[in-house]
Every structure is written in C-alpha cells, then in structure tokens.
Amino acid sequence: MKKISIFIPCYNEEANVDPLVAEIIDTFKNELPSYDYEILFIDNRSTDSTRDCLRKICAGNPKVKAIFNARNFGPSRSNYHGILQTSGDCTICMYADFQTPANLIPKFVEEWEKGYKIVSAIKTKSRESFVMYVIRSIYYKLIRKMSDVEQIEHFTGFGLYDKSFMDVLRSLKDPMPYFRGIISELGYERKDIEFEQPKRRAGKSSYNLFRYYDDAMLGFTSYTKAGLRLASITGFIFAVFSFLIAIVYLVYKILFWQNFSVGIAPLVIGIFFLGSIQLIFLGIIGEYLMAINTRVMNRPLVVEEERINF
C-alpha cells in the first residue's frame, strides 16, 4: 500500500487544525481508501492554543504527527525543514488556513499515478484582497523576466512531490531556501492544476508587509542578477552623463564666462538625486550580501522543541 504524506505548516491556527484534519481523513476514507497516509504538522511557535489542539489530535490518531519549533524561525525555514521530515511515497504540501482545498488531493494523486513527479496547484483566481493579488501578479512577472530559471507564477508551494524529488531536497544544504525557485530549477516535469483560492476560513494571517518583503527579496536575491547588473549599468550611465555635463559646462564657461552663472539649487538637487540612487543600490547589494552571509554561516533551518508520534 502506497503511503501519502500530508504536510501542513501552521502558526496560530487553533480554529482550523481540527476541522482540517477531519476533512483530510474523510477525503482518504471516501476517495482514496487504498492509500495509507500520515499528516505532519510543524508549528512555528504559535502563541495561541494551536499546540494544545495538535496534542489532542495526535493523542487520538497515531497517523497525525507534530513538530514544535523552539521559536519562530520564519515561514521559509520552518516549512522547508518540516517537509523534509515526511516519509511517504509522495508528499502533499498544504496550509492550515483552508486556502488550499483538500478536495484537490485526489486530483494530485491521479496525476502522480500517471507518472508526474511534481503536481503543482496554480491560482487562477483568488478571493483574497484584489490589491494583493495584483501586486503578487506584478512580482511574479517581474521575477520571471529577470531570472535565468523559469519561475512559476501564482504558485505557493501547494502541490504534490514524489519521494524521488523529496530525496533531492534532502540532499541540499541550503539554510535559506526559496522553495518555489528550487522546484522550478531542480524539479522534474510538472503537471499544473488550476484552482480558485478561497478565503481563509478562520483566524488572521500572520503575514504582514515585512514578511511579504522578505519572501520577495529571498526570491530576488536567490534567482536573479538583475539588481547587481542594474546598479552597474545605472552607475555607468550616470558617470557618462555627468562627464558630458561637465564638458558642456566647461565649454560654456570658456565661451560665455562673463555672462554665465549657475545657481546653487541645481547642484543641491543633483547631489540629493545621485545620493538617493546610491543608497537604493547599496540597499540592493546589502540584500545580496545578507543572503550570502546567512548561507555561509550554514546554521540549522530550525531547532525542534518537541516531536509527537514519530
């Protein structure tokens, strides 16, 4: 009997974990009765009663497992560590907020049995904020154009991954992984399944502007050289432009030195403008350096506090 691992990262999802487990179990009972399963949660140091809920679920069902992190290590690191702990013939990554419908699990398995090693769920519509959906769309298109590696638009990691691909992930030693980029760079041929993302069932998303920015910068620094090259090209263009302005200024001063004068305002504006450009690109270079620094230190993805039902 083949075993399917369901991996679910969570943070402050006390109202969602019980009904989600019940829905997944019903899906296997009614639509996938010939498959064994495990459900693995990794809790990223929730501050509500999520851990108490998970302990009760695990006590009543040995097929439900849980990992509790010692602190909040951020979603990228925690999610990546958790998915590596699964043991099934394939792993399905979901989220605890009900925005990744459990009714897609049978479709994932159907395509997996056809031979696809990766089955990815692609959002075509979303019932979330329209503004956020538009911003995400712009970001996906930008990073796709700038990256040397094909990037998957509107893909959150929700999908199925064969054990052979999971072994590839386990062989990587990346303390700062960008999961979606790894799938497109190192993954097998994919089967994409489109779906409409529903609203969160209960609770409030822990993602804020800084978290979105972290994710965006992780993808940007991991899979594009555009920032560094843009800084170099812009610097070269402004250097040439400044040189030409200096030549023009010198010629005018020689020819019209008695009547030629330049106020201080253009100089001040020019200094502030060039200074702001430099600061922007210093920030971009700093993001690359910070990513390199994290990878060089090679610290563990997370530190676990407790494991249940392993």
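A. Geometry of the overall build of the chain. Along its length, the chain carries 10 helices and 8 strands. With 310 residues in all, the chain has 42% of them scored as buried.

B. Here's a closer look at the sheet that holds strand S5 (residues 118-126). Strand order in the open sheet made by the 8 strands is S7-S5-S6-S4-S1-S2-S3-S8, with mixed pairing throughout. One side of each edge strand has no neighbouring strand; the edge strands of this open sheet are strand S7 (190-197) and strand S8 (304-308). Averaged over all pairs of adjacent strands, the angle between strand axes in this sheet comes to 20°, irrespective of strand direction. Examined bridge by bridge, strand S3 (residues 64-69) and S8 share 4 bridges and lie antiparallel to one another. Bridge pairing in S8 places Ile67 opposite Arg307. Against the sheet, helix H6 (residues 163-171) engages strand S4 (90-93), S5 and strand S6 (155-162), with an angle of about 115° to S6.

C. Quick look at the pairing of S5. Within S5, 7 of the 9 residues are buried, leaving the element largely enclosed by the surrounding structure. The pairing of S5 with S6 spans 4 bridges and is antiparallel. If you follow Val119 over to S6, its bridge partner there is Leu160. Of the pairings in the sheet, the one linking S5 to S7 comprises 8 bridges and is parallel in character. Following the sheet pairing, Ser120 is matched in S7 by Asp192.

Calculation rules
Residues numbered from 1 in each chain as written. Predicted model: local features only at pLDDT ≥ 70, side-chain atom pairs only at ≥ 80, totals over all residues. Heavy atoms only, no water. Helix = DSSP H or I, 4+ residues; strand = E, 2+ residues; numbered from the N terminus. Buried < 20%, exposed > 50% of the residue type's maximum accessible area, 1.4 Å probe, protein only. Pairing = 2+ DSSP bridges. Axes fitted to C-alpha atoms, helices over the stretch in contact; angles between N-to-C directions. Contact = heavy atoms within 4.5 Å.

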